[in-house]
Amino acid sequence: MLASGAVDPGLPAAAAAPSPVQTRQPGTGHLFRPISADDEEQQPTEIESLCMNCYRNGMTRLLLTEIPFFREIIVSSFSCEHCGWNNTEIQSAGRIQDQGVRYTLTVRAQEDMNREVVKTDSATTRIPELDFEIPAFSQKGALTTVEGLISRAVSGLELDQPSRRANEEATAERIDEFIVKLKELKQVASPFTLIIDDPSGNSFVENPHAPRKDDALVITHYNRTLQQEEMLGLQAEEPEEKPEEEDLRNEVLQFNTNCPECNAPAQTNMKLVQIPHFKEVIIMATNCENCGHRTNEVKSGGAVEPLGTRITFYITDPSDMTRDLLKSETCSMEIPELEFELGMAVLGGKFTTLEGILKDIRELVTKNPFTLGDSSSPGRTEKLQEFSQKLNQIIEGNMKAHFVMDDPAGNSYLQNVYAPEDDPEMKVEHYNRTFDQNEELGLNDMKTEGYETGLASQR
């Protein structure tokens, strides 16, 4: 039972006629006229074309028409007088719409079965009450009615039933039962829901009350997903794939260098290490096989922190010597009890223990030829020897003292053995850097505001 002017969809098969070239723009004068049986001037265009069933020539008829309250479409119908094969399909004469569309029709009466329906190739048809779905691109587009859609689905299911009954009898029986349910829908014994979801936005379900609202029909427009864009063949902008970052945490890198003592060729090992409750650092160690010289250096793996850090630790027990310590190149150290202060950049960056950094300080003092050499004054020598003895007492745990680390860049660290709880012997302060400290770090002349905007304007 087809609506007046509708085209019988025929069997669900591939169109034999070549696809009409969609170069004609919609709305060009009288080319697209409202579909009507009373319009004698509206005649289809006939084109002789090859039948893909018997490979003889058949006839393709093209009709350019306009659906009221919708848009222009091209109806294509092929028939072969030699073998009787025929096929009908529709194509949108316009472009793919900016948004997809979903029609939800509640079929309550027999009149709803006569509603005109435009279903494009990309539309998915569902009947939730039967858990039935016709996927996109599984059928050609059609200009039909609600009843015609159901009849077309029934024809498609019945097509391969003879072979199924011979090979898969149980499956064929279940399909027969389902076909009966589909045919019962035509009688509209109880309301059911028909959903046509078309990402291209070119499908249509007639509103017989137009331009008034149809209570039985809900039309929803939505933005397509990336998968739907790809399905329609649109050149959607794919999200930029982030380059895979190499995981360097479990890998030791090596590069060639020269020994700073004897200038012989040597190798430097470099490893990225995550310090618990702190940040990532890069440790570089050089070992010279020629002279036996060893050195290690630490670089921060992150940026300069917004605030400077001052760590004050009170050494009270010999076990404190085993605490891990990270000293960056911008960190200065102080021991108030010894009236000792070491400026930034001295000793470089180090990742060691508290005992190790104190021994480095002792070695820096005792092996300096300008402080303990022959040219040194007796008074200075005595003071430095006394300093060295007191430092040994601190290392051995026989003397309590405060150890202060002040890093304007905030990239130094002293292990908290009570973490994540506070350490009663350690005080960590964060402070705003002064202008002079920012000057030493080179931050005063560093401009980051509007960097990306400025770069884009230069392009």
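Up top is the structure.
Parameters at a glance
- Position labels on residues start from 1 in each chain and follow its written sequence.
- In view of the model being predicted, local features appear only for residues whose pLDDT reaches at least 70, and side-chain atom pairs are presented and counted only at 80 or more, with totals across whole chains, interfaces and linings using the full set of residues.
- Each side-chain value is derived from all of the structure's non-hydrogen atoms; neither hydrogens nor water enter the calculation.
- Secondary structure is summarised from DSSP: a helix means a run of H or I of at least four residues, a strand means a run of E of at least two, and numbering begins at the N terminus for each.
- Contacts are assigned to residue pairs that have any heavy atoms within 4.5 Å of one another.
- Pairs of strands are assigned from DSSP output, requiring at least two bridges between the strands.
- With axes taken as lines fitted to C-alpha atoms, and helix axes fitted only over the stretch in contact, angles between N-to-C directions fall between 0 and 180 degrees.
- Throughout, the protein atoms alone are placed on a 1 Å grid, and a set of points is a cavity if a 1.4 Å probe fits but cannot get out or a pocket if it is open with protein on both sides within 12 Å along at least five of seven lines; lining residues have an atom within 4 Å of a point.
- Grid points are joined across faces, edges and corners, and a volume is the space filled by probe spheres set on the points.
- For this document, the term salt bridge refers to a Lys or Arg side-chain nitrogen within 4 Å of an Asp or Glu carboxyl oxygen.
- Only protein chains enter the calculation, and the probe is 1.4 Å; a residue is then buried if its accessible area is under 20% of its type maximum, exposed if over 50%, and partly exposed in between.

J.: How would you explain the environment of R56 if you had to name every residue and give the values?
T.: As for its placement among the helices and strands, R56 is situated in the loop between β2 (45-50) and β3 (57-66). What R56 contacts, discounting residues up to four positions off in sequence, is S49, L50, C51 and H82.

J.: Tell me about the sheet that holds strand β10 (residues 142-145), and please be specific about residues and values.
T.: The antiparallel open sheet is built from three strands, whose spatial order is β10-β7-β12. Bordering the open sheet on either side are β10 and β12 (204-205), each of which pairs with just one other strand. The pairing of strand β7 (residues 116-119) with β10 spans four bridges and is classified as antiparallel. Residue pairing across strands places K119 opposite A142, the latter belonging to β10. Packing of helix α1 (residues 146-158) onto the sheet brings it into contact with β7 and β10, and relative to β10 it is tilted by some 110°.

J.: Mind laying out the sheet that holds strand β25 (residues 426-431), listing which residues take part and the relevant values?
T.: Within a sheet, each strand pairs with its neighbour through backbone hydrogen bonds, oriented either parallel or antiparallel. A sheet is described by the order of its strands in space; here five strands give the open sequence β21-β20-β23-β18-β25, paired in antiparallel fashion. Two strands bound the open sheet, and with one partner strand each, they are β21 (340-342) and β25. Strand after strand, the sheet turns through a mean of 15° between neighbouring axes, direction not considered. Relative to strand β23 (residues 401-407), strand β18 (residues 308-315) is paired through seven bridges, and the arrangement is antiparallel. Opposite T312, over in β23, you have V404 as the bridge partner.

J.: Explain empty space enclosed by the protein to me, using residue names and the numbers behind them.
T.: Think of a ball as big as a water molecule: rolled over the atoms, this probe shows where empty space is left. As enumerated under the stated definition, the model contains one cavity of 30 Å³ or more in all. Approximately 60 Å³ is the volume found for the largest cavity. Of all elements in the fold, only β8 (124-127), β9 (132-134) and α1 reach the threshold of two or more residues within the lining of the largest cavity. Broken down by element, the residue count for the lining of the largest cavity peaks at four residues, all from α1.

J.: Go over the pattern of salt bridges, please, and point to the residues and values.
T.: Note that side chains of opposite charge can pair when their charged atoms are close. Scanning all chains against the criterion turns up 15 salt bridges. A salt bridge links E158 to K183; the shortest N-O distance between them is 3.3 Å. Separated by 25 residues along the polypeptide, E158 in helix α1 and K183 in helix α3 (residues 169-185) bring together distant segments of the chain. According to the relative accessible area criterion, E158 is partly exposed, its value standing at 37%. For the salt bridge of R165 with D176, the shortest nitrogen-to-oxygen distance reads 3.1 Å. Of this pair, R165 sits in helix α2 (residues 161-167) while D176 sits in helix α3, placing them 11 residues apart in sequence.

J.: Which residues make up unusual backbone geometry, and what are the values?
T.: Even without being a glycine, D131 presents a positive backbone phi close to 55°. Topologically, D131 is positioned in the loop between β8 and β9. Residue classification places D131 among the exposed positions, given a relative accessible area of 73%. In this structure, F137 takes a positive phi of about 65° despite not being glycine. Summarising the element assignment, F137 is placed in the loop between β9 and β10.

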